[in-house]
Amino acid sequence: MIFPHLDVGRTALRCVDPLDSKGAHGFLTEHGSGGGLSHEVLSVLWAVDLGEVAAQFQVEARDTGRVAGLSVLQRLDLNGGHVQAGVFVDPADEEVRSAASALTVNYAFANWSVRKVYVWTVEEDLAELREASEIVRREATLREFVHDGGLLRDLTIFAVYREDWARVVPNLLRRLSRAGAVR
Amino acid sequence: MLHPHLETVRTRLRPAAEEDVPRLYDVLLRLGLHSLPNPEAFARQHGQGVDAQFAIELKRNGEIIGFSSLQHLSPAGHIQIGIFTDPELSRLGAGAEAMMLTVNYGFAKWEQVRKVYFSTTEASLPSLGRGMSLIPREAVLPEHLFFQGKLWDVHFYAITRDAWLESGAHIVNRLVRGVEQHDPEVLRRGG
């Protein structure tokens, strides 16, 4: 069994109405949680149509109520058995970002009959799921796919599979629930 | 300089209109390559992100054998091609010609396009001719699509502008002049 937890440690997800990429970028900028992510990049990682958003969350720090960012589950394909997760929290806010990523992936496996959860990124690795790096698979890379301020960046699609998640999630959530345990 | 040709001696790309949507739905249904929504939902969704869409006609009798499209034009200089042809009507390489014309149109119409993406599964590869085997495959997404009762890997192929200028564009020019025989291997051969 996988329970759809909405908080762990000092981090909580709060379900909100979906924003489009422009609204999301404005939200992240307003709360200082974009970590320098450009709208050009976000618009590729974000659903094109609000109808593609299956769930969207505001990420909050539980102790202070501070808004730390957004996370989203989108492009749910029950036929293909996958959904795409995106977590947008300032990388400097590492503990909250790791916890929000784990909660978002966990929510997907708990709520839908999907085999895998994708995460798209223009980064070299998936730092937000570093706590579960042993089960993150690099599935595909599209070369020079994203325009970002005059640069062309690769788009990499990572995936986490259900059987792997079910195996690691109890220990992962236990580690994340202990404040200060996150690297 | 590339010209956005829309016809060869035997095959024509005609800009598709709203009245073509039921025929497109029928082609996709008969191909069995998608788990389709109902016709009304399909009609509502099908144009999203599409930059150009064509009905593929045989010039000798005006018969529509399928559809091709270019979609998701990106500021990063790429665009995606889609092509679906009725297997009973697309014999004799007309589908391969339509694909050549559509790729050529993508590069000719949008100067900023550096590469044209084409995604497919092993269910479609045989009908596209052996020429596909020489187009560089950029990525594979394992078990991503479900149809025909099973999960399929999705293969992403990328045709660069340089490669197209070197070979494909010359073949299209010859097809337009009628000096190149239709051949499902046209993509494989050089200019």
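Residues numbered from 1 in each chain as written. Chains lettered and ligands numbered in written order. Predicted model: local features only at pLDDT ≥ 70, side-chain atom pairs only at ≥ 80, totals over all residues.

Peer 1: Before we move on, can you summarise the environment of His31 of chain A with the specific residues and values?
Peer 2: Structurally, His31 of chain A is set in the loop between helix H1 (21-30) and helix H2 (39-45). Residue classification places His31 of chain A among the partly exposed residues on the basis of 17 C-beta atoms within 10 Å. (Helix = DSSP H or I, 4+ residues; strand = E, 2+ residues; numbered from the N terminus. Buried ≥ 20, exposed ≤ 12 C-beta atoms within 10 Å, placed from the backbone.)

Peer 1: For the confidence of the model for chain B, give the residues involved together with the corresponding values.
Peer 2: Residues and elements named next belong to chain B. When the pLDDT values of chain B are averaged, the result is 86; 88% of them are 70 or greater. Note that pLDDT drops below 50 for residues 183-191; the model gives that stretch 29 contacts with residues more than four away or on any other chain. Complex prediction metrics read pTM 0.88 and ipTM 0.88. (pLDDT = per-residue confidence, 0-100. Contact = placed C-beta atoms within 7 Å.)

Peer 1: Quick rundown of the sheet that holds strand S1 (residues 11-15) of chain B? Include the residues and the values.
Peer 2: Residues and elements named next belong to chain B. The strand order across the open sheet formed by 7 strands is S1-S2-S3-S4-S5-S7-S6, and the pairing between neighbours is mixed. Two strands bound the open sheet, and with one partner strand each, they are S1 and strand S6 (137-147). Put simply, the sheet's adjacent strands are angled 25° from each other on average, direction ignored. One ladder, built from 7 bridges, connects S6 with strand S7 (residues 150-160); its direction is antiparallel. Opposite Ala139, over in S7, you have Phe156 as the bridge partner. (Pairing = 2+ DSSP bridges. Axes fitted to C-alpha atoms, helices over the stretch in contact; angles between N-to-C directions.)

Peer 1: Which residues make up H1 of chain A, and what values go with them?
Peer 2: Residues and elements named next belong to chain A. Taken together, the buried positions of H1 are occupied by Ala24, His25 and Leu28. Down the axis, H1 shows its buried residues gathered within 100° of arc, on one side only. Residues Lys22, Thr29 and Glu30 are exposed on H1 and point more than 90 degrees away from its buried face. In this structure, the buried residues of H1 make contact with H2, strand S4 (67-77) and strand S5 (82-89). Positive backbone phi, approximately 65°, marks Gly32, located one or two places after H1. (Arc of directions from axis to C-beta.)

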